Amino acid sequence: MMKQQRHPYKQDRRRDRTEDQPPVRTAERAREDEQAGSEEIVAGKHPVMEALRSGREINKIWIAEGAQKHLTAPIVAEAKQLGIIVQFADKRKLDSMAGEVAHQGVIAQVAPYRYYEVDELLEAAKAKGETPFLLLLDEIEDPHNLGSILRTAECTGVHGVIIPKRRSVGLTATVAKTSAGAAEYVPVARVTNLAQTIESLKEQGVWVAGTDVSAEQDVYRTKFDMPLALVIGNEGKGMGRLIREKCDFLVKLPMAGKLNSLNASVAAGVLMYEVLRQRRGV
């Protein structure tokens, strides 16, 4: 386990240490996966290609008749190499399968996304020999925001994203499309109680930083060179009161205009790149 560091803007926490508990998967998670259905849809050129490259279990790929070959040919070639069935069909069938998601004439029927345990996210960082960097999303409801956040998370080396099971969007076809394939590479954990998860992360030496417009500490005057979990609040309400109180420290983005807030995915992107910049010593 990584040695806990003192944060320059907060006194040391004093808390009792408890024995590590094994990750909870078992019957409850199995029931959730069963209820989620045996297949999901991934739509769009980039999401389908990344699903192929990542080794995701794919049942079949549908190509719209008359779709632009320069978009579909690489996907067809990759699928045939992997022995995956490719079927051509009328565009209206793909429209029906994809719903409101723009499919670009390409749809894959895939196994449901796997949700990870929080301990697995920390293990992923340890396996790479890197300081943990996680995101906690407090009731992000817009799938486009989640997709954008996952895309930036993949680009900035985030080891995993944690979302609550309730009042939060999950890994959907829209999220996959917006993430441009990043949903295939960024592990996502879904937890029952975000506040309890924060306490568990603290016990494992992870510092939790909340983002709040009323915070006194400027993000560019804050050091993030420690095991870190960044909390991004809901699009309209921000972080909930309990989650805010659980954070070790709060940071804000400086605002020079008349508005006092940014879109959740934009704010998350700025923060992720600031952490990356500091960790690279730039």
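Anything mentioned here points back to the structure above.
Definitions and cut-offs
Per-chain numbering applies: the sequence of each chain, read as written, is numbered from 1 onward. Whole-chain, interface and lining totals are the exception, using all residues; otherwise, since this is a predicted model, local features are given only for residues with pLDDT of at least 70 and side-chain atom pairs are given and counted only at 80 or more. As a rule here, side-chain values come from all non-hydrogen atoms in the structure, and water together with hydrogens is ignored. The secondary structure listing takes helices from DSSP runs of H or I that are at least 4 residues long and strands from runs of E that are at least 2 residues long, numbered from the N terminus. Note on classification: 1.4 Å probe, protein chains only; a residue is buried when its accessible area is under 20% of the maximum for its type, exposed when over 50%, partly exposed between these limits. Contacts were defined at the residue level, with two residues in contact if any of their heavy atoms lie within 4.5 Å. All accessible areas in this document rest on Shrake-Rupley with a 1.4 Å probe, and a residue is counted as covered only by the protein chains that are shown. Stacked, tilted and edge-to-face pairs are distinguished by plane angle, under 30 degrees for stacked and over 60 for edge-to-face with tilted covering the rest, among Phe, Tyr and Trp rings (Trp via its six-membered ring) whose centres lie within 6.5 Å. We call a charge positioned over a ring when the NZ of a Lys or the CZ of an Arg lies within 6 Å of the ring centre and within 35 degrees of the ring normal. Each C-beta atom gives one direction from the helix axis, and the arc is the one those directions make. A pairing counts as a salt bridge when a side-chain nitrogen of Lys or Arg comes within 4 Å of a carboxyl oxygen of Asp or Glu. The pairing criterion is simple: DSSP has to find at least two bridges between the two strands. Convention adopted: a line fitted to C-alpha atoms gives each axis, helices being fitted over their contacting stretch, and angles between N-to-C directions are expressed from 0 to 180 degrees.

Participant: Please clarify how the overall build of the chain should be interpreted in this entry.
Facilitator: Scanning the chain from terminus to terminus reveals ten helices and eleven strands. In the chain, buried positions account for 48% of the 282 residues. Sequence separation of 24 or more characterises 82% of the internal contacts of the chain that already satisfy a separation of 6 or more. For the chain, the computed accessible surface area is about 15100 Å², with 48% contributed by carbon and sulfur atoms.

Participant: Would you mind showing me how to read the packing of aromatic side chains here?
Facilitator: The way to describe two aromatic rings as a pair is by their centre distance and the angle between their planes. In the structure shown here, the tally under the stated rule is zero aromatic pairs. Taking the ring centre of Tyr116 as reference, the NZ or CZ of Arg114 above it sits at 4.1 Å. Directly above the ring of Tyr115 sits Arg190, whose terminal nitrogen or CZ lies 3.9 Å from the centroid.

Participant: Help me out: how do you make sense of helix 8 (residues 194-203) in this one?
Facilitator: For an α-helix the count is 3.6 residues per turn, leaving residues at separations of three or four pointing the same way. Looking only at helix 8, the buried set comprises Leu194, Ala195, Thr197, Ile198, Leu201 and Lys202. The buried residues of helix 8 occupy an angular sector of 160° when projected down its axis, which confines them to one face. Looking at the residues trailing helix 8, positive phi occurs at Gly205, about 85°.

Participant: Would you mind going over the pattern of salt bridges with me for this structure?
Facilitator: Where charged atoms from two side chains of opposite charge approach closely, those side chains can pair. Overall, the coordinates contain 14 salt bridges when judged by the stated rule. One salt bridge connects Glu139 with Lys237, and the closest N-O pair in it is separated by 3.5 Å. In this pair, Glu139 is assigned in the loop between strand 5 (133-137) and helix 6 (143-155) and Lys237 in the loop between strand 10 (228-232) and helix 9 (241-246), connecting sequence segments 98 residues apart. Residue Glu139 is classed as buried on the basis of its relative accessible area, which comes to 15%. The residue Glu274 makes a salt bridge to Arg277 at a minimum N-O spacing of 2.7 Å. Of the two residues, Glu274 and Arg277 both sit in helix 10 (residues 264-279), three residues apart, roughly one turn of that helix. According to the relative accessible area criterion, Arg277 is partly exposed, its value standing at 35%.

Participant: Looking at this model, I keep getting lost on the sheet that holds strand 9 (residues 217-218). Mind explaining?
Facilitator: Adjacent strands of a sheet pair through backbone hydrogen bonds, lying either parallel or antiparallel. Reading across from one edge, 7-6-5-10-8-11-9 is the order of the seven strands in this open sheet, with parallel pairing throughout. In this open sheet, the two strands that pair with only one neighbour each are strand 7 (188-191) and strand 9. Two strands pair when backbone bridges link them, and strand 6 (residues 160-164) and strand 7 are joined in this way by four bridges, in the parallel orientation. Bridging from a neighbouring strand, Val161 pairs with Val188 of strand 7. Its contacts with the sheet put helix 6 on strand 5, strand 6 and strand 7, and the angle it makes with strand 5 is roughly 175°.

Participant: Just to check I follow, could you spell out the sheet that holds strand 2 (residues 58-64) for this structure?
Facilitator: With respect to topology, four strands assemble into an open sheet ordered 1-4-2-3, the strand pairing being mixed. Looking along the sheet, the strands with just one partner apiece sit at the ends: strand 1 (40-43) and strand 3 (85-89). Taking the axes of each pair of neighbouring strands and ignoring which way they run, one obtains an average angle of 25° across the sheet. Of the pairings in the sheet, the one linking strand 2 to strand 4 (residues 106-110) comprises five bridges and is antiparallel in character. Its bridge partner lying in strand 4, Ile58 is registered against Val110. Lying on the sheet, helix 3 (residues 69-82) is in contact with strand 2, strand 3 and strand 4; it crosses strand 2 at an angle near 150°. Contacts from helix 4 (residues 91-98) reach strand 1, strand 2, strand 3 and strand 4, with the element oriented near 130° to strand 2.

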